[in-house]
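Notes for the structure review
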Amino acid sequence: MVYGVLRLINFAHGDIFMFGAFTAYYLMVKWQLPIYLVFMITMAVTAVLGFLIEKIAYKPLRSAPKISLLITAVGVSLFLEYFLSLNSLFTPNYIAFPRPFEVFGYDYSLFTVTNIQFIIFSVTGFSLFLLYLLVYKTKYGKAMRAVSHDQEMASLMGIHVDGIISFTFIVGTALAGLGGILYGFAYPQINVFMGIMPGIKSFIAAVLGGIGLIHGAVIGGILIGMSEVYVSAFLSSTLRDGVIFIILLVVLLLKPSGIFGKKREKV
Amino acid sequence: MRALQVTGLRKSFGGINAVSNLSFSVDEFETVGIIGPNGAGKTTVFNLITGLYQLDAGSIFYFGQDTKHIAPFRLAHLGISRTFQNLRLFNNLTVSNNIVAPILSHEGYGLWSAIFQTRDYVRLEKAAEKRAKTLLDFFQLSDKEMYSANNLPYGEQRKLELARALSLKPRLLLVDEPGAGMNPREIKDLVRIIRQIKESFRLTIVLIEHQMGLVMNVSDRVVVMDFGQKIAEGHPDEIKKNRKVIEAYLGEEFVC
Amino acid sequence: MTFFLGARRLLICTAIVYLVLKGLFLSGMVTAYIQQIILLSFIVILTSLGLNLIYGYTGQFSLGHAAFYGIGAYTSAYLCTFFKIDGVLPFIPVLFFGGVAAGLVGYLIGLPILRLRDDFLAIATLGFGILIRVLLDNSDRFIDVLGGPRGFVGITRITNLELTLFTLAFLILITKNLIFSKYGLFWECIKEDELASMVFGIDTTKMKLIAFSYGCFLAGVAGALYAHLYTFLHPSNFDFLKSIDFLIIVIVGGMGSITGTIYAGLIWVGFIEGLRIILPDRMLELRWVIIPLFLIIVMMWRPYGLIARKESKLLGIDRSL
């Protein structure tokens, strides 16, 4: 979404995801808050964080060369990582992520589903459904799509472009925060550098499915997840991250607009 | 063999037909003007001829050679050159380098010569500089040759754009709206420059222009486009009186 | 003839620097650690020079430069271990070969990648960097001595002042000549407006590939020098963070300025190592919090770089003609 609207790869996206996980950790461990509050507050926190980053770091550079923006994004990413890794804060170590509920599995003859997987699946599905409604069925969504097509034209049509960009960031980063919590439940060891790979992979998933398309991101994400699992199982888990790059390269060369995307002429 | 033979050209973007079924030809040393309302597809035609867009259907023949699938830089070396409506100068380069670069792309030397600064390097660099200076002299820009291109006043940037187009010794020159935003006096000046170019550099010119004064004074023939199609073609005088042309530009009410 | 005339100043500068440093090193006034740092700064300058060509001159955003640095390092280390080379003279072809290996990989990767737009190119190079990192981590599966996650140990120490400084000076000379030739001009045109460059006769694909391959070649040579200076290689030395290091030097030094890269390289290494000496252990971790902030501020204030936009006549980096 952010890329669609700003044409900027937000390198810090993975780190906001990480920030969400750590916020949730803090809320659950230090303040002992109930789950539903944790979800709500974390998403609010990451939304605000996204808003601030956009306003402070990205907006002033909107007319600067693209590359400056990319480097700034890298700077934000590194800052978030290393700031949280300070020994006075969370340290660079792995921290155990609490699971405030019992884990159990439902056994079917062919496979087992744990309640965690079920939660992740349903929360994700529901969120994506809401997102789909937002982007395709509301006025705001329409404005977002307009801005992503042609920023200048959208502003001439009376759309408050800055507001829409901020709104997109808020929604995008809130989702990242949500992702962080779910990830923490699934793999209960969190670490300040945990966001780097998911951030890159999420971008690759979006490219694979077609930038700017929700169903594209979903399909892309599933494809990448499956490939990783199969490579881990049949080849080696350490080669997992290498697969990502091969997939990316293949996509960018064969169909840069992605599985569902449309071709765009240059000039 | 014609300088340019365009047949059945079609190009669409998404659902929009920018150019459909366009055919026209240009003889060597002719000057042909292409006119038409905004959005008629004129610049698209230029982009197709210079290889920046791939055509959906039809063909473009340049001195008998099919230009399909030939890379833009090769077309430039074959002698097709152009100016851009919105100017695409190499802004942070010097005025001189804007001209030297295309020259060296055509008459250059290899890596070895560059690294070890052989006699070839020295000779060709000096030759390029000299030819650039001659070209700049023609446009009265040589006293500004060390200026950064974006520091020139607009009118001179326009001239530099033309000078650069001529640096590759083109046989076919495509000029895209050279008169845009100019006042009548500047237009007269431009007409003079174009006539001088025709005399000094023996080449074929295709000109896109809105300003009737410019087109009619400079063209041997005029092609009129609207909505991606050719609606009329002929001598400037005929075109001025053509019903369809007047309708396209001014609307039905003005056809008397 | 022009070649030697043009190289005069640079050679004199190099000679002076050499004499001063050699004197310092021999006199014992400078510890072995500092000597190593000085050599490291030359190595870093060389690598950043390569990146400057790719990014500063031609405008291709590469986030995986450290990968090529690593390819040069591992290739050279392996060849020396395999052929049991330990003298400076027999090392020179290996040094060259390390660079060629990196340049070749750069060329092969560049072929498909360089036609991508800015941000996609950034991700692709980032991904490539990760791929190389993964391969290095698994390197012991293919060739045991490469060490994989344990690291490559026991590399012979060959790099010294002469080798480093003279290689750097020689490559600066070649780079400078390239930049002041039609190639440098074309690279600048491409950075300014790639489309217009194509229309006016420049084979942009070929030019981008040359810049990229050569930039990777420089990184490879630097990597080889590094391997035989520190005698130990670990995949974590060649990750994304390292690529950022080089990028920072290029940006701080000024895009497209050789002189800027030289100064920035010296300052940067001095800064990093200086911090290590000055800061008490507790505060050391603040380095990587301060650096990204610094990066962000530089981008906002001077997007094209801090130090230099023009080359230095003093160092002899100027046109011969």
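Residues numbered from 1 in each chain as written. Chains lettered and ligands numbered in written order. Predicted model: local features only at pLDDT ≥ 70, side-chain atom pairs only at ≥ 80, totals over all residues.

Considerations on the overall build of chain C
- Of the regular secondary structure elements, chain C holds 13 helices and 0 strands.
- Each helix and strand of chain C, placed in order from N terminus to C terminus, yields the pattern α-α-α-α-α-α-α-α-α-α-α-α-α.
- At 19 Å, chain C has a C-alpha radius of gyration in line with the 20 Å of a compact globule built from 321 residues.
- In terms of its C-alpha atoms, chain C occupies a principal-axis envelope of roughly 55 × 45 × 45 Å.
- In chain C, which comprises 321 residues, the proportion classed as buried is 56%. (Helix = DSSP H or I, 4+ residues; strand = E, 2+ residues; numbered from the N terminus. Rg over C-alpha atoms; globule rule 2.2 N^0.38 Å. Buried ≥ 20, exposed ≤ 12 C-beta atoms within 10 Å, placed from the backbone.)

A closer look at the pairing of strand 1 (residues 4–13) of chain B
Residues and elements named next belong to chain B.
- Looking at chain direction, strand 1 and strand 4 (residues 57–62) are connected through 5 bridges and run antiparallel. Paired with Leu4 across the strands is Tyr62, a residue of strand 4.
- Hairpin connection from strand 1 to strand 2 (residues 16–26): 2 residues lie between these consecutive antiparallel strands, with Gly14 at a positive phi of about 60 degrees. (Pairing = 2+ DSSP bridges.)

Considering the packing of helix 5 (residues 115–137) of chain A against helix 8 (residues 161–186) of chain A
Residues and elements named next belong to chain A.
- In the contact formed by helix 5 and helix 8, the axes pass within 10 Å of each other and the chain directions differ by 170 degrees. Compared by their axis directions, helix 5 and helix 8 come out roughly antiparallel. Facing Ile116, Ile119, Ile120, Val123 and Ser127 of helix 5, the residues of helix 8 in contact are Leu175, Leu178, Leu182, Phe185 and Ala186.
- Counted by class, the contact of helix 5 with helix 8 contains 9 nonpolar, 1 polar and no charged residues. (Axes fitted to C-alpha atoms, helices over the stretch in contact; angles between N-to-C directions. Parallel < 35°, antiparallel > 145°, perpendicular 65-115°, else oblique. Contact = placed C-beta atoms within 7 Å. Nonpolar A, V, L, I, M, F, W, Y, C, P; charged D, E, K, R; others polar.)

Things to note about the interface of chain C and chain A
- Of the residues lining the interface, 31 residues belong to chain C; the matching set on chain A comes to 34 residues.
- Secondary structure elements with two or more residues in the side of chain C that touches chain A: helix 5 (118–137), helix 11 (240–253) and helix 13 (287–301) of chain C.
- Looking at side-chain class alone, the side of chain C that touches chain A contains 25 nonpolar, 2 polar and 4 charged residues.

With respect to the domain arrangement of chain A
Residues and elements named next belong to chain A.
- Domain annotation for chain A reports domain 1 (2–98 + 113–193) and domain 2 (195–261).
- For domain 1 and domain 2, the distance between their C-alpha centroids amounts to 19 Å.
- The interface of domain 1 with domain 2 comprises 15 residues on the first partner and 12 residues on the second.
- If you list the elements that add at least two residues to the side of domain 1 that touches domain 2, you get helix 1 (2–6), helix 2 (13–29) and helix 5.
- Looking at the side of domain 1 that touches domain 2, the element that brings in the most residues is helix 2, giving 5 residues. (Domains from an automatic or database assignment.)

Remarks on the nonpolar core
- Among the nonpolar cores identified, the biggest contains 251 residues, and Ala21, Ile204 and Leu248 of chain A together with Leu46 of chain C are the most heavily contacted of them.
- When residues in this core are grouped by element, the largest group, 16 residues, is from helix 10 (residues 204–230) of chain C.
- Apart from residues lying up to four places away in sequence, Leu46 of chain C is in contact with Leu168, Leu171, Leu218, Val221 and Ala222 of chain C. (Core = buried A, V, L, I, M, F, W, Y, C linked by C-beta atoms within 7 Å.)

Structural notes on the environment of Lys142 of chain A
Residues and elements named next belong to chain A.
- Structurally, the position occupied by Lys142 is in helix 6 (residues 139–149).
- On the neighbour-count criterion, Lys142 (14 C-beta atoms within 10 Å) is partly exposed.
- In this structure, the C-alpha to C-alpha distance between Lys142 and Phe129, residues 13 residues apart in sequence, is 16 Å.

Comments concerning the packing of helix 8 (residues 182–192) of chain C against helix 10 of chain C
Residue and element names in this part refer to chain C.
- Between helix 8 and helix 10, the shortest axis-to-axis distance is 10 Å and the interhelical angle comes to 110 degrees. Between helix 8 and helix 10, the angle is such that the two are roughly perpendicular. Mapping the contact onto sequence places Tyr183, Phe186, Trp187 and Ile190 in helix 8 and Thr204, Met207, Lys208, Ile210 and Ala211 in helix 10.
- Residues that form the contact of helix 8 with helix 10 fall into these classes: 7 nonpolar, 1 polar and 1 charged.

Looking at the sheet that holds strand 5 (residues 65–66) of chain B
Residue and element names in this part refer to chain B.
- Strand order in the open sheet formed by 4 strands is 2-1-4-5, and the pairing between neighbours is antiparallel. The open sheet has two free edges, formed respectively by strand 2 and strand 5, since each of these has just one partner strand.
- Strand contacts of helix 1 (residues 42–49): strand 1, strand 2 and strand 4, with the helix running at about 70 degrees to strand 2, the strand carrying the most contacts.

Thoughts on helix 3 (residues 95–106) of chain B
- Across the 12 residues that make up helix 3 of chain B, a large majority, 11, are buried.
- Regarding helix 3 of chain B, the residues found buried are Val95, Ser96, Asn97, Asn98, Ile99, Val100, Ala101, Pro102, Ile103, Leu104 and Ser105 of chain B.
- Tucked into the core, helix 3 of chain B has its buried residues touching helix 5 (119–138) and helix 6 (154–166) of chain B together with helix 8 of chain C.

So, the interface of chain B and chain C
- Opposite the 28 residues of chain B that make contact, chain C presents 25 residues.
- Of all the secondary structure elements, the ones that give two or more residues to the side of chain B that touches chain C are helix 2 (72–78), helix 3, helix 4 (111–116) and helix 5 of chain B.
- With 7 residues, helix 3 of chain B is the single largest residue contributor to the side of chain B that touches chain C.
- When its residues are assigned to classes, the side of chain B that touches chain C shows 15 nonpolar, 9 polar and 4 charged.

Regarding helix 5 of chain C
- Here helix 5 of chain C is 20 residues long and its end C-alpha atoms lie 29 Å apart, about the 28 Å a rise of 1.5 Å per residue gives.
- Most of helix 5 of chain C sits out of view: 16 of its 20 residues are buried. (Expected span 1.5 Å × (residues − 1).)

Thoughts on the pairing of strand 8 (residues 204–208) of chain B
Residue and element names in this part refer to chain B.
- Of all 5 residues in strand 8, 5 are buried, a share of seventy percent or more.
- Alternating positions in strand 8 separate into two faces, Thr204, Val206 and Ile208 on one and Ile205 and Leu207 on the other, with burial throughout.
- Of the strand pairs in this sheet, strand 3 (residues 31–35) and strand 8 are connected by 4 bridges, and their pairing is parallel. Paired with Val32 across the bridge in strand 8 is Val206.
- Pairing between strand 7 (residues 172–176) and strand 8: 5 bridges, direction parallel. The residue bridging Val175 from the neighbouring strand is Leu207, located in strand 8.
- A crossover links strand 7 with its parallel partner strand 8, the connecting element being helix 7 (residues 184–200), and its sense is right-handed. (Right-handed = clockwise from strand over helix to strand, strands pointing away.)

So, the sheet that holds strand 8 of chain B
Residue and element names in this part refer to chain B.
- If you trace the 6 strands from one edge of the open sheet to the other, you get 6-7-8-3-9-10, paired in mixed fashion. Looking at strand neighbours, the two that pair on one side only are strand 6 (80–82) and strand 10 (229–234), the edges of this open sheet. Strand-to-strand twist across the sheet, computed as the mean angle between neighbouring axes with direction ignored, equals 20 degrees.
- Relative to strand 7, strand 6 is paired through 3 bridges, and the arrangement is parallel. In the strand pairing of strand 7, Ile80 is matched with Leu172.
- Set on the sheet, helix 1 makes contact with strand 3, strand 6, strand 7, strand 8 and strand 9 (221–226); between it and strand 7 the angle comes to about 150 degrees.

A short note on the confidence of the model for chain C
- When pLDDT is averaged along chain C, the result is 87; 94% of the residues meet or exceed 70.
- We note a pTM of 0.88 for the whole complex and an ipTM of 0.91 for its interfaces. (pLDDT = per-residue confidence, 0-100.)

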